[in-house]
Amino acid sequence: MRGRLFPVDDGWYEWRQEPPLAQTVQVRVGVAPGGRLVLTGLHIDGSPSADLLRAIPVGRIEAAANAQLAVVHESIDTPPVLNPRPRPVVPPVAVDAGWEMVEPALAVARAATTDGARTRGRPDVFYREVADVYLDFAQDSPRPACDLADQHGVPVSTAHRWVKEARRRGFLPPGRPGKSG
């Protein structure tokens, strides 16, 4: 099941998924103390039934909110202002940059420092892309890091390390133990 949030009005978002739910479902999203986006309100058009309530994928909706939205402004007196999460723009690679070839699909630029020595680690562009792929997997899969590892042919521990670094650099929201996204 895949779904997306669409802004409606006054901080509410409509949840649309395939297969569609029997009623229109709208949610309000807020920022939890740890920085993650969580559901703070639920509105169902029509009368709710037990089947409909069981069919609403709250975890997937929260994962979609964390994948699609970014907190722009938050104050104590007003609800947070959320905007669609911008897709990263890849900066041009310097002419004198080298390449690290783990595998062709994971080639990343490594710029040389001014004194000619190489910098350690991967650039922000790599972790932005890891975050985007991880968030896409988190909307459909209970094990997005495993899917990320499978896609790139690396051990799961490597994928977890990439996700941890993407979170540290601010490209992913804080994690929740036992929950994907």
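Per chain, the residues get numbers from 1 upward, laid out in the order the sequence is written. Where totals are concerned, whole chains, interfaces and linings use all residues; where local detail is concerned, this predicted model gives features only for residues with pLDDT of at least 70, and gives and counts side-chain atom pairs only at 80 or more. Working from all heavy atoms in the structure, the side-chain values ignore hydrogens and water.

In the nomenclature of an unreviewed UniProt entry, the protein chain corresponds to Abasic site processing protein from the organism Dactylosporangium cerinum.

(A) Summary view of helix 4 (residues 144-152). Taken as a whole, helix 4 has its buried residues at Pro-144, Ala-145, Cys-146, Leu-148, Ala-149 and His-152. Looking at the buried side of helix 4, the elements it contacts are helix 3 (124-138) and helix 5 (156-168). For helices the rule is a DSSP run of H or I covering at least 4 residues; for strands it is a run of E covering at least 2, with both sets numbered from the N terminus onward. Phi for Gly-153, located one or two positions after helix 4, is positive at around 65 degrees. Residue burial is assigned from relative accessible area. The probe radius is 1.4 Å, only protein chains are included, and a residue is buried under 20% of its type maximum, exposed over 50%, and partly exposed in between. Note on definitions: a residue-residue contact is assigned when non-hydrogen atoms from the two residues lie within 4.5 Å.

(B) Molecular detail of the packing of aromatic side chains. Only rings of Phe, Tyr and Trp enter the pairing, Trp through its six-membered ring, and a pair is recorded when the two centres are within 6.5 Å. The plane angle decides the type: under 30 degrees is stacked, over 60 is edge-to-face, the rest tilted. If you walk through the whole model with that rule in mind, you get two aromatic pairs. Look at Phe-126 and Tyr-127: their rings are 5.1 Å apart centre to centre, the planes differ by 85 degrees, and that puts the pair in the edge-to-face class. When sorted by exposure, Phe-126 lands in the same class as Tyr-127, which is buried. Relative to Trp-162, the ring of Phe-126 lies with its centre 5.1 Å away and its plane at 85 degrees, an arrangement referred to as edge-to-face. Residue Phe-126 is found in helix 3, and its partner Trp-162 is found in helix 5; the two are separated by 36 residues along the sequence. When sorted by exposure, Phe-126 lands in the same class as Trp-162, which is buried. Over a ring means this: the NZ of a Lys or the CZ of an Arg is within 6 Å of the ring centre and within 35 degrees of the ring normal. The ring centre of Phe-6 lies 4.1 Å from the NZ or CZ of Arg-16, which sits over that ring. Over the aromatic face of Phe-126 sits the side chain of Arg-122, whose NZ or CZ is 4.4 Å from the ring centroid.

(C) Seen up close, the sheet that holds strand 1 (residues 2-7). Any two strands with at least two DSSP bridges between them are considered paired. Reading across from one edge, 1-2-3-4 is the order of the four strands in this open sheet, with antiparallel pairing throughout. Each edge of the sheet is formed by a strand with only one pairing partner; in this case those strands are strand 1 and strand 4 (37-44). On average, adjacent strands in this sheet sit at an angle of 35 degrees to one another, irrespective of strand direction. Looking at chain direction, strand 2 (residues 12-18) and strand 3 (residues 25-31) are connected through four bridges and run antiparallel. Residue Glu-14 lies in a different strand from strand 3, and its bridge partner there is Gln-26. Orientation is described by lines fitted to C-alpha atoms, with helices fitted over the stretch in contact, and by angles between N-to-C directions that extend from 0 to 180 degrees.

(D) The nonpolar core, seen in detail. Throughout this description, the term nonpolar core refers to a set of buried Ala, Val, Leu, Ile, Met, Phe, Trp, Tyr and Cys residues connected via side-chain atoms within 4.5 Å. Core analysis: the largest hydrophobic core is formed by 18 residues, its most contacted members being Tyr-127, Val-130, Leu-148, Trp-162, Val-163, Ala-166 and Leu-172. When contributions to this core are tallied by element, the ones reaching two or more residues are helix 3, helix 4 and helix 5. The element that contributes the greatest number of residues to this core is helix 3, accounting for seven residues. In this structure, Ala-166 is in contact with Tyr-127, Ala-131, Phe-171 and Leu-172, ignoring residues within four places of it in sequence. In this structure, Val-29, Leu-52, Ile-61 and Ala-64 belong to the second largest nonpolar core, which totals 15 residues.

(E) Local environment of the packing of helix 4 against helix 5. In contact at an axis separation of 8 Å, helix 4 and helix 5 are set at 115 degrees when each is read in the N-to-C sense. Overall, the two elements helix 4 and helix 5 adopt an arrangement that is roughly perpendicular. Once helix 4 is placed against helix 5, the crossing between them reads as right-handed. Between helix 4, through Ala-145, Cys-146, Leu-148, Ala-149 and His-152, and helix 5, the contact on the second element is made entirely by Val-156, Ala-159, His-160, Trp-162 and Val-163. Polar here means any residue outside two lists: the nonpolar Ala, Val, Leu, Ile, Met, Phe, Trp, Tyr, Cys and Pro, and the charged Asp, Glu, Lys and Arg; Gly therefore counts as polar. For the contact of helix 4 with helix 5, a count of residues per class yields eight nonpolar, two polar and no charged. Reported orientations rely on four angle classes, namely roughly parallel under 35 degrees, roughly antiparallel over 145, roughly perpendicular from 65 to 115, and oblique for the rest. Here a crossing is called left-handed whenever its near helix is offset anticlockwise from the far helix by less than a right angle, and right-handed whenever the offset is clockwise.

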